[in-house]
Amino acid sequence: MNASLKKYIARFESLQGIPSEEELRNSVVGLHREQLSIEEYIRFSGTGYQRNVLHASSTCEVVALCFKPGQYTPIHDHGGSVGIAFVYKGTMTEELFEKQQPSGMIAPFAKNSVSANEVSCIGISTIHRVSNVHDDGLVVLTVYFPPLVTMNIYNTENTLVEKWTAEAQREQYS
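How each quantity is defined
Residues numbered from 1 in each chain as written. Predicted model: local features only at pLDDT ≥ 70, side-chain atom pairs only at ≥ 80, totals over all residues. Heavy atoms only, no water. Phe/Tyr/Trp six-rings, centres within 6.5 Å; stacked < 30°, edge-to-face > 60°. Helix = DSSP H or I, 4+ residues; strand = E, 2+ residues; numbered from the N terminus. Contact = heavy atoms within 4.5 Å. Polar contact = N/O pair within 3.5 Å; in protein donor to acceptor, adjacent residues only side chain to side chain. Buried < 20%, exposed > 50% of the residue type's maximum accessible area, 1.4 Å probe, protein only. Pairing = 2+ DSSP bridges.

Chemist: I'm lost on the packing of aromatic side chains in this one. Help?
Modeler: Two measures describe an aromatic ring pair: the distance that separates the ring centres and the angle between the ring planes. Considering all chains together, one arrives at one aromatic pair under this definition. Plain terms: the ring middles of tyrosine 49 and phenylalanine 67 are 5.1 Å apart, the flat faces sit at 10° to each other, and that makes the pair stacked. Of this pair, tyrosine 49 sits in the loop between helix 3 (33-36) and strand 1 (50-56) while phenylalanine 67 sits in strand 2 (residues 61-67); the two residues are 18 residues apart in sequence, bridging distant segments of the chain.

Chemist: In this structure, what is going on with the environment of asparagine 132? I would like to understand it.
Modeler: Here asparagine 132 shows up in the loop between strand 8 (127-131) and strand 9 (138-145). Here the alpha-carbon distance between asparagine 132 and phenylalanine 145, two residues 13 residues apart in the chain, equals 24 Å. Look past the residues within four positions of asparagine 132 in its chain and what remains in contact with it is Phe67, Lys68, Pro69, Gly70, Gln71, Thr91, Gly137 and Leu138. Within the structure, asparagine 132 has its side chain in polar contact with the backbone oxygen of lysine 68 (distance 3.4 Å). One polar contact links the side chain of asparagine 132 to the main-chain amide nitrogen of histidine 134, over a distance of 3.1 Å.

Chemist: Teacher, can you tell me more about the pairing of strand 5 (residues 91-99) here?
Modeler: Side-chain direction in a regular strand flips from residue to residue, so the side chains alternate between the two faces of the sheet. Among the nine residues of strand 5, seven are classified as buried, and the element is accordingly described as predominantly covered. Sheet topology note: the strand 5/strand 6 (residues 106-115) ladder contains nine bridges and is antiparallel. Each bridged residue has a counterpart across the sheet, and for glutamate 98 the counterpart in strand 6 is alanine 107. Here strand 5 hands over to strand 6 after six residues, with glycine 104 in that stretch at a positive phi of 80°. Both strand 5 and strand 8 contribute to a ladder of five bridges, which runs antiparallel. Directly across from glutamate 95, in strand 8, lies its bridge partner arginine 129.

Chemist: What am I meant to see in the environment of serine 81 here?
Modeler: Position of serine 81 relative to the elements: it lies in the loop between strand 3 (75-76) and strand 4 (82-89). Residue serine 81 is classed as buried on the basis of its relative accessible area, which comes to 2%. For the pair formed by serine 81 and serine 103, sequence separation is 22 residues and the distance between their alpha carbons is 25 Å. Look past the residues within four positions of serine 81 in its chain and what remains in contact with it is Gly123, Ile124, Tyr144, Phe145, Pro146, Pro147 and Leu148. Among the polar contacts listed, one links the side chain of serine 81 to the backbone oxygen of proline 146, at a separation of 2.8 Å. At 3.5 Å, the side chain of serine 81 and the backbone oxygen of proline 147 are in polar contact.

Chemist: Looking at this model, I keep getting lost on the pairing of strand 9. Mind explaining?
Modeler: With eight of eight residues buried, strand 9 lies mostly within the body of the structure. Alternating positions in strand 9 separate into two faces, Leu138, Val140, Thr142 and Tyr144 on one and Val139, Leu141, Val143 and Phe145 on the other, with burial throughout. As judged from the seven bridges shared by strand 2 and strand 9, these two strands associate in the antiparallel manner. Each residue of the ladder has a partner; that of cysteine 66, found in strand 9, is valine 139. Where strand 4 lies against strand 9, seven bridges are found, and the strand directions are antiparallel. Residue valine 82 lies in a different strand from strand 9, and its bridge partner there is phenylalanine 145.

Chemist: I tried to follow unusual backbone geometry on my own but got confused; where do I start?
Modeler: Outside of glycine, negative phi angles account for most residues, and trans bonds account for most peptide bonds. For the bond from glutamine 101 to proline 102, the omega torsion is 5°, close enough to zero to count as cis. Considering the arrangement of structural elements, one finds proline 102 in the loop between strand 5 and strand 6. Cis geometry marks the peptide bond from phenylalanine 145 to proline 146, where omega comes out at -20°. Examined against the element boundaries, proline 146 turns out to sit in the loop between strand 9 and strand 10 (150-154).

Given below as structure tokens:
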């Protein structure tokens with residue numbers, strides 16, 4: 001891991017508790033792709049987007065999310081974690097969803113395009129889907145506070161919610 005990346009991880013580690021959106025944005029001020037050199041963590045999968053953990057502690061988790069063209073996450077929340085997504089390479093498409101009342105169904109309400117060297121904040125109540133709708137690979141450096149250990153997975157067909165856990169993912173790849 002290069003010195004610049006270690007410096008940014010130390011900056012993330014210095015944040016206390018659940019950081020505000022302002023603290024998250026301030027933590028990446030001056031962060032540019034050219035400084036990071038995360039190539040050793042960039043790995044793509046042919047079966048879906050790939051999560052590659054760069055750093056994990058009790059404070060935060062730093063993950064390189066890698067998407068080939070056409071790959072996407074399920075619609076999900078972050079199970080009580082907040083975070084910031086820094087687009088390292090490519091353009092990230094983010095669809096935001098909200099729960100409808102009284103049905104509890106989710107529905108899209110916004111779609112954002114986030115380009116290289118730009119960020120998107122992930123709030124405690126964010127429900128979204130991230131995708132790569134472009135012809136090039138997408139790499140998103142994401143920092144979660146606290147580390148992402150569980151997510152709720154939603155769909156637009158009914159109110160059923162599945163659980164994703166980091167533990168189950170580790171077991172899948174062991």
